[in-house]
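# Structural overview for review
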Amino acid sequence: MRIPPDVSAADFSMALAQFAEVVGKQWVFTSDEDMETYGDSYSPFWHEEEDRVPSAAVAPDDVRQVQAAVRIANHFKIPIWTISTGKNLAYGGASPVLSGSVVLDLKRMNRILEVNDKNHYALVEPGVSYFDLYRYIQDNRLKVWIDPPGPGWGSPIGNSLERGGGSTPMKDHFASVCGMEVVLANGDLLRTGMGALPGAKTWQQYKYGFGPYIDGIFSQSNFGIVTKMGIWLMPEPEAYREGTVMVPKHDDLIRFVETLSYLMDSDILRGTMLLESPLLTYRSAQGGSVVDTPGGPSIAEMEKIGAEKNLPYWSMVMRFWGPQQLIDAQWDYTREKFSAISGASFKDGRAYRFPVELKETDDMQRFYLGIPSLSVFAFPAGSQGHIGFSPIVPRTGEAVFEALKAFGQAYADLGVPPKNQFFSLPWTFFSHSFVLLVELQISHDVEKNRESRKVFQRLVEVAAERGWGEYRTHVAFMDKIADGYSYNHHALQRFRETIKDALDPNGILSPGKSGLWPKRLRKARG
Ligand code: ADP
């Protein structure tokens, strides 16, 4: 059995016995087989020393048990790593940053405390999954939508705390959080926002309460354990429709993105959209790649191929949710605005009216309709997972050109063919910016993983040279990413460390999360 770092075997077995008294013996896990389920099935360190492995897992059933477990951990200085449903794949799954941490698994705390379909919000515990919430809403015939991420088996709490994204107009998940309950490192319990009022009546209706707004410091963080969270939902819309906008030329992207930004920030285009390039997809199917590797065809040559094959350089599926009349008008207006780009063309897409029968929907597209699904796991053959490289880049055509060029050069410098990796064009998960979601392939082959890690490191550096940074990262790379956010001698990190030291002097909560270490484990900064 593995033992947490700096803890004696005798203390650890005493702590395990005390955990068992609190949660019940059957909810403390230590066997190798159990630990495998708390590892990272997309680990970039498969079969290598640096793979992150926990020592044990403890699964409390309620808030009082969480408080008691934290007090035990404090007494023995045992690092605990909190998960909600532990499905954070591509970013570490259930596994901790620090090997030997005890996973605090909150899956059993899966109560849906309220779903309100008049004010459109829910109050949930950490173990509630998107599937659970969806089923509850269906069973109770409530007229609200949730916003599941790609794989729907994760939890609103875990995903929102990681600042994950969805596909409907509620796409920025942390922006939809309204009110939290948090267990602190000393076992104290607090409620944020209006929840601090005894007998609060608007905990899930007004975010800020009174005084400094603190909810943000519990996201991507190790300052507390969130045991309840409010999330805003949206009313079931009357209808949904899609339409594709296509433009023929490379440089059309500049005005394309300007138009997109205008429509997004005017609330005419909502939800998550993906920039696509039928022409670049064609190039990669011919053995090239989406990114611009040196020596590839010139822009003029590409445009010629586009004209011959009738392939637009850029395209995007626009999505509309709401009353039929309104979304028809929004699509009309969207077409009018993009028509200013010479050669722009348009195609109508899927349309639904709600409620809709599941069998009438396309499995690969269900999340746009607020329906959780696992269809994203239909991976290409041979892949055993991926890690995500996810930089936020400016929402401009120029930045997209720069990214394709710079990342293409990076692959060439490393001598790695970019076609082995899934390189996406920008998504609009978050307002006012683009995010690229690059999937670097993971397998059980040590050499291949080394290559993916090498590519990851280089892409991070290339992004940083341009003032771009990741919005989220895998547990194995948290130090590296945090190090990049270094303005004024790491002022932001020093501020976070001050809070960490005050809240968690024994350094028990998720050491290393987001590159934030407790004092006793902190490495000297270069
Ligand atoms: P999901 O299963 O919803 O994808 P996870 O449960 O894997 O999400 O959680 C993702 C990350 O968020 C964890 O690695 C952890 O750092 C953080 N986290 C999850 N749940 C909590 C919580 N209840 N309190 C504090 N941090 C949490």
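All of the points below concern the structure found in this document. Everything numeric here is computed off the predicted structure, so don't read it as measured data.

About the cut-offs
Note on numbering: residues in each chain are counted from 1, in written sequence order. Whole-chain, interface and lining totals are the exception, using all residues; otherwise, since this is a predicted model, local features are given only for residues with pLDDT of at least 70 and side-chain atom pairs are given and counted only at 80 or more. Computation of side-chain values: all heavy atoms of the structure, hydrogens and water removed. Think of it this way: one heavy atom of a residue within 4 Å of a molecule or strand is enough to make that residue near it. Side-chain atoms alone can form a polar contact between residues adjacent in sequence; in general such a contact is a pair of N or O atoms within 3.5 Å, and within protein one must be able to donate a hydrogen while the other accepts it. Computed by Shrake-Rupley with a 1.4 Å probe, the accessible areas treat only the displayed protein chains as cover when residues are assessed. To qualify as a helix, a DSSP run of H or I must reach at least 4 residues; to qualify as a strand, a run of E must reach at least 2; elements of each kind are numbered from the N terminus. A 1.4 Å probe rolled over the protein chains alone gives each residue an accessible area, and that area as a share of the maximum for its type sets the label: buried under 20%, exposed over 50%, partly exposed in between. Between any two strands, at least two bridges found by DSSP are needed for them to pair. Every axis in this analysis is a line fitted to C-alpha atoms, fitted for helices over the stretch in contact. Angles between the N-to-C directions lie between 0 and 180 degrees. Buried Ala, Val, Leu, Ile, Met, Phe, Trp, Tyr and Cys residues that are joined via side-chain atoms within 4.5 Å together make up what is termed a nonpolar core. Basic side-chain nitrogens of Lys or Arg form a salt bridge, by our definition, when they fall within 4 Å of a carboxyl oxygen of Asp or Glu. Any two rings among Phe, Tyr and Trp, with Trp reduced to its six-membered ring, count as a pair given centres within 6.5 Å; such a pair is stacked if its planes are under 30 degrees apart, edge-to-face if over 60, and tilted if neither. Distance and angle both matter: a charge sits over a ring if NZ of Lys or CZ of Arg is within 6 Å of the ring centre and within 35 degrees of the ring normal. Within this analysis, the arc is defined by the directions that extend from the helix axis to the C-beta atoms. Contacts are assigned to residue pairs with any non-hydrogen atoms lying within 4.5 Å of each other. Should an angle fall under 35 degrees it is called roughly parallel, over 145 degrees roughly antiparallel, and 65 to 115 degrees roughly perpendicular, with every other angle called oblique. Note: crossing handedness is left-handed where the near helix turns anticlockwise from the far helix by less than a right angle, and right-handed where it turns clockwise. Polar here means any residue outside two lists: the nonpolar Ala, Val, Leu, Ile, Met, Phe, Trp, Tyr, Cys and Pro, and the charged Asp, Glu, Lys and Arg; Gly therefore counts as polar. Within the patch definition used here, like charges are joined within 9 Å and nonpolar side chains (Val, Leu, Ile, Met, Phe, Trp, Tyr) within 5 Å, considering only residues with over 30% relative accessible area and no salt bridge.

This part is about the site of the ligand. Not every one of the 21 residues close to the ligand is listed here, only the nearest: Ser84, Thr85, Gly86, Lys87 and Ser155. Within the contact set of the ligand, an oxygen atom lies 2.5 Å away from a side-chain nitrogen or oxygen of Thr85. A distance of 3.3 Å separates an oxygen atom of the ligand from a polar atom in the backbone of Asn88. With the chains in place, 97% of the 560 Å² that the ligand exposes on its own is no longer accessible.

In this fold, Lys228 is placed in strand E10 (residues 225-232). Take Lys228: its relative accessible area is 12%, and that puts it in the buried class.

Another aspect to go through is the sheet that holds E10. An order of E5-E6-E10-E8-E9 is seen for the five strands of this open sheet, with the pairing classed as antiparallel. The outermost strands of the open sheet, each flanked by one partner alone, are strand E5 (112-116) and strand E9 (189-191). Here the strands of the sheet are splayed against their neighbours by 10 degrees on average, with no regard to which way each runs. Relative to strand E6 (residues 121-124), E5 runs antiparallel, the two being bridged by four bridges.

Below, the discussion takes up the nonpolar core. Core analysis: the largest hydrophobic core is formed by 58 residues, its most contacted members being Phe256, Trp314, Met318 and Phe407. Of the residues forming this core, the biggest block, nine residues, is contributed by helix H10 (residues 397-414). Counting residues in each nonpolar core, the second largest holds 45 residues, with Leu142, Leu161, Val182 and Val435 among its members.

This part covers the pattern of salt bridges. Following the criterion strictly, the structure yields 33 salt bridges and no others. For Glu236, the salt bridge goes to Lys143, with nearest N and O atoms at 3.7 Å. Placement of the pair is Glu236 in the loop between strand E11 (234-235) and strand E12 (239-247) and Lys143 in the loop between helix H4 (130-139) and strand E7 (144-145), with a sequence separation of 93 residues. The closest approach of N and O atoms between Lys228 and Glu181, which form a salt bridge, is 2.9 Å. Of this pair, Lys228 sits in strand E10 while Glu181 sits in strand E8 (residues 177-183); the two residues are 47 residues apart in sequence, bridging distant segments of the chain. Taking relative accessible area as the criterion, Glu181 reaches 2% and is therefore assigned buried. Members of the salt-bridge network, linked through shared partners, are Glu402, Arg458, Glu461, Glu465, Arg466 and Lys480.

To continue, consider unusual backbone geometry. Of note, the amide linkage connecting Phe354 to Pro355 takes the cis form, showing an omega dihedral of 0 degrees. Phi is positive for His47, which is not a glycine, with a value near 60 degrees. Positive phi outside glycine occurs at Gln220, with the angle close to 45 degrees. With respect to the helices and strands, Gln220 occurs in the loop between E9 and E10.

This part takes up the packing of aromatic side chains. Under the defined criterion, the tally for this structure stands at 21 aromatic pairs. Pairing Tyr313 with Trp314 gives two aromatic rings, centres 5.1 Å apart and planes at 35 degrees, and the pair type is tilted. Each member of the pair, Tyr313 as well as Trp314, carries the same accessibility label: buried. Ring-pair connections join several aromatic residues into one group, and the members of that group are Phe389, Phe407, Phe456, Trp468 and Phe477. Directly above the aromatic system of Trp153 lies the positively charged group of Lys87, at a separation of 5.1 Å from the ring centroid. Just above the ring of Tyr368 sits the side chain of Arg319; from NZ or CZ to the centre is 3.5 Å.

What follows concerns the sheet that holds E12. Read from one edge of the open sheet, four strands run E13-E14-E12-E15, paired in antiparallel fashion. Taken across any chain shown, the strands that pair with only one partner, and hence form the sheet edges, are strand E13 (275-276) and strand E15 (345-353). Examined bridge by bridge, E13 and strand E14 (residues 314-322) share two bridges and lie antiparallel to one another. Its bridge partner being in E14, Glu276 is matched across the sheet by Ser315.

Attention shifts here to helix H7 (residues 278-285). Every buried residue belonging to H7 is among Leu279, Leu280 and Arg283, and all of these are buried. Looking straight down H7, one finds that the buried residues subtend no more than 95 degrees of arc, so they occupy a single side. On the buried face of H7, the contacting elements are helix H8 (299-309), E14 and H10. Gly287 sits one or two positions beyond H7 and adopts a positive phi of about 100 degrees.

What follows is about the packing of helix H6 (residues 252-265) against helix H9 (residues 324-338). Interaxial distance between H6 and H9 falls to 10 Å at its minimum, and their mutual angle equals 150 degrees. Compared by their axis directions, H6 and H9 come out roughly antiparallel. When you trace H6 past H9, the crossing you get is right-handed. In this structure, H6 contributes Phe256, Thr259, Leu260, Tyr262 and Leu263 to the contact, and H9 contributes Tyr333, Thr334, Lys337 and Phe338. Considered class by class, the residues forming the contact of H6 with H9 number six nonpolar, two polar and one charged.

On to the side chain of Ser375. Relative to the helices and strands, Ser375 resides in the loop between E15 and strand E16 (386-389). The buried category is assigned to Ser375, whose relative accessible area is 7%. Sequence-distant contacts of Ser375, defined by excluding residues within four places in its chain, comprise Asp363 and Met364.

The contact between H7 and H8 brings their axes to 10 Å, and the two run at 100 degrees. In terms of axis orientation, H7 runs roughly perpendicular to H8. Contacts between H7 and H8 involve Leu279, Leu280, Tyr282 and Arg283 from the former and Met302, Glu303, Ile305, Gly306 and Lys309 from the latter. A class-by-class count of the residues in the contact of H7 with H8 yields five nonpolar, one polar and three charged.

Within the element layout of this structure, Ser431 appears in the loop between strand E18 (422-423) and strand E19 (434-435). Through-space distance from the C-alpha of Ser431 to that of Arg395 is 9.2 Å; in sequence the pair is 36 residues apart.

Here we take up a nonpolar patch on the surface. Together, Tyr206, Tyr208 and Tyr213 line one region of the surface with nonpolar side chains, adding up to about 310 Å² of accessible area. When you line up the elements, Tyr206 lands in the loop between E9 and E10. Classification of Tyr206 by relative accessible area gives partly exposed; the value is 40%.

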